[in-house]
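A structural walkthrough
Take a look at the letters that make up each chain.
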Amino acid sequence: MKKLCLLLLFLPLNAASLSDWQQTAAEAESHKVRQTAEKQTFKQIKAEVKAGFEDSLVDLADLYYDGIGTKKNYKKAYKYYKKAAQLHNEYAAYSQAFMLMYGQGVKKNQTEAFHMFTTLAENGFPPAALELFRAYKDGNGCEKDPVQSRRWLERAANYRLPAGLLYLGAQTLEENPEEGFFLLKQAADLENMRAQYLTALCYQEGTGTDPNPNRAFEYMLLAAKQHYAPAQWQTAQWYAQGYGTEPSAYQAFRWTRLAAQNGEAAAQKRLAEMYEKG
């Protein structure tokens, strides 16, 4: 009987290990195919730029910036964003300003970046509104100005930018819980993982809405599936407690392991304890 209990104890771990191996093998093959396609894409886009196709400038800049099909190269990314921006490509101008603001591939120039963001935002380019919120909040390229910061944050939220809704919702939550929750939930439904996490906590605590364990668990799981470590750790605890879902020792262990792998300190400590106890 004792031997059977030991086998049952380790069965989920063995099953998970086999599943993990199969997934890893499939991911490795998929990665290989993707890398080949990315290298071919990079080669094609580079040829298009050389042939004078102006629309491909920003595509090449993106590949250099993200290191897709080639080594990451911020200097070259900046060069091609700048060329595309000179041809009145707003996205390229935004990317150039972003790199100037944070000194990526070019000497940092927050004042110039701020002026570029201002022009873009006043012309209705949504992501630039979010950057002006940050600039006025932190004094990057301008004087700190809470009023202007809030103004541009509200503009970003009106554009339904997930990050804008998230930040405005978090700021509003204390002064107006119902409005704050409404904004956070909008961002969560646009798949922003931090907003999903906060929306889950609102449902748990009844902040700006009625407490609802099932909805809390639903949104927490969504954030966990996006590899957000705090949500993975909370999901593990809720599986252990049976909060908003059926209790599951296996799922509690699995999400603890995933959170630990993702760097969540409390999960790492708990996982060590679980392994020690066996």
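Attention here is on the structure that accompanies the text.

Definitions and cut-offs
Residues numbered from 1 in each chain as written. Predicted model: local features only at pLDDT ≥ 70, side-chain atom pairs only at ≥ 80, totals over all residues. Heavy atoms only, no water. Helix = DSSP H or I, 4+ residues; strand = E, 2+ residues; numbered from the N terminus. Rg over C-alpha atoms; globule rule 2.2 N^0.38 Å. Buried < 20%, exposed > 50% of the residue type's maximum accessible area, 1.4 Å probe, protein only. Contact = heavy atoms within 4.5 Å. Lys, Arg positive; Asp, Glu negative; His and termini not counted. Charge placed at Lys NZ, Arg CZ, Asp CG, Glu CD. Salt bridge = Lys/Arg side-chain N within 4 Å of Asp/Glu carboxyl O. Expected span 1.5 Å × (residues − 1). Phe/Tyr/Trp six-rings, centres within 6.5 Å; stacked < 30°, edge-to-face > 60°. Lys NZ or Arg CZ within 6 Å of the ring centre and 35° of its normal.

**Notes on the overall build of the chain**
Along the backbone of the chain there are 14 helices and 0 strands. Ordered by position in the sequence, the α and β elements of the chain form the string α-α-α-α-α-α-α-α-α-α-α-α-α-α. Taken over C-alpha atoms, the radius of gyration comes to 24 Å for the chain, far larger than the 19 Å a tight globule of 278 residues would show. Looking at the chain as a whole, 38% of its 278 residues are labelled buried. Taking as baseline every contact in the chain between residues at least 6 positions apart, the subset at least 24 positions apart corresponds to 41%. Of the side chains in the chain, 33 bear a positive and 31 a negative charge, and the two mean positions are spaced by 10 Å.

**Describing the pattern of salt bridges**
The final tally for this structure, using the stated rule, is 8 salt bridges. With a closest N to O distance of 3.6 Å, arginine 150 and glutamate 175 form a salt bridge. With a gap of 25 residues between them, arginine 150 in helix H7 (residues 146-158) and glutamate 175 in the loop between helix H8 (162-172) and helix H9 (177-189) connect regions that are remote in the sequence. Assessed through its relative accessible area of 23%, arginine 150 is described here as partly exposed. Overall, glutamate 175 belongs to the exposed group, its relative accessible area being 57%. For arginine 270, the salt bridge goes to glutamate 273, with nearest N and O atoms at 3.5 Å. One end of the pair is arginine 270 and the other is glutamate 273, both in helix H14 (residues 265-277) and 3 residues apart, which spans about a single turn. Here the salt bridges do not stand alone but share partners, grouping Arg150, Glu154 and Glu175 into one network.

**So, helix H13 (residues 249-261)**
With 13 residues, H13 should reach 18 Å at 1.5 Å per residue; the first-to-last C-alpha distance of 18 Å fits that figure. Turning to H13, its buried residues are Ala252, Phe253, Trp255, Thr256, Arg257, Ala259 and Ala260. Following H13 by one or two positions, glycine 263 has its phi on the positive side, about 95 degrees.

**Concerning the packing of aromatic side chains**
Here the structure, examined in full by the defined rule, presents 17 aromatic pairs. A centroid spacing of 6.1 Å and a plane angle of 5 degrees characterise the contact between tyrosine 64 and tyrosine 80, whose relative ring orientation is stacked. With tyrosine 64 in helix H2 (residues 56-66) and tyrosine 80 in helix H3 (residues 74-85), the pair connects residues that are 16 residues apart, well separated along the chain. Among the residues examined, tyrosine 80 registers a relative accessible area of 13% and is labelled buried. Every member of this aromatic cluster is reached through a ring pair, and the members are Tyr94, Phe98, Tyr102, Phe117 and Phe125. Over the face of the ring belonging to tryptophan 255 we find arginine 254, whose NZ or CZ atom lies 5.0 Å from the ring centre.

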